[in-house]
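Commentary on secondary and tertiary structure
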Amino acid sequence: MVISVIELEEGKTAKIIGIQGGHGMQNQLRSIGILEGKDITVVAHYPFQGPIVVKVDRKMISLGRGLACRIMVEMTS
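Residues numbered from 1 in each chain as written. Predicted model: local features only at pLDDT ≥ 70, side-chain atom pairs only at ≥ 80, totals over all residues. Heavy atoms only, no water.

Leave glycine aside and you will find that most residues have negative phi; peptide bonds, for their part, are mostly trans. Although it is not a glycine, Phe48 adopts a positive phi angle of roughly 60°. In this structure, Phe48 sits in the loop between β3 (39-45) and β4 (52-56). The phi dihedral of Gln49 falls on the positive side, at around 60°, and the residue is not glycine. Its location among the elements puts Gln49 in the loop between β3 and β4. Take Gln49: its relative accessible area is 68%, and that puts it in the exposed class. (Helix = DSSP H or I, 4+ residues; strand = E, 2+ residues; numbered from the N terminus. Buried < 20%, exposed > 50% of the residue type's maximum accessible area, 1.4 Å probe, protein only.)

Structure (structure tokens):
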């Protein structure tokens, strides 16, 4: 099942399968380690439209909800 990172529950891990958006956005996310094929774990969803904290390759990354909804993932079992 393909969903966006914003739909993942806290503590769940999925594999990144794509980034929707222009080349600038894709390059920005790739430069901080968010690449297709990597596993991503949601650490925290902050309330009141706050950021989403994810973990990729032992790095904690805080993403705005606009960016998080453009990262498409596939659930791993």
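Once you've had a look at it, read on.
A word on the environment of Asp39. Looking at the element boundaries, Asp39 is found in strand β3. Sequence separation between Asp39 and Cys69 is 30 residues, and the spatial gap between their C-alpha atoms is 16 Å. Among residues more than four places away in sequence, those in contact with Asp39 are Thr13, Ala14, Lys15, Lys55, Val56 and Thr76. (Contact = heavy atoms within 4.5 Å.)

The next thing to look at is the pattern of salt bridges. Under the counting rule described, the total for this entry stands at 3 salt bridges. Where Arg30 meets Glu36, a salt bridge forms, and the shortest distance between an N and an O atom there is 2.8 Å. A relative accessible area of 35% places Glu36 in the partly exposed class. (Salt bridge = Lys/Arg side-chain N within 4 Å of Asp/Glu carboxyl O.)

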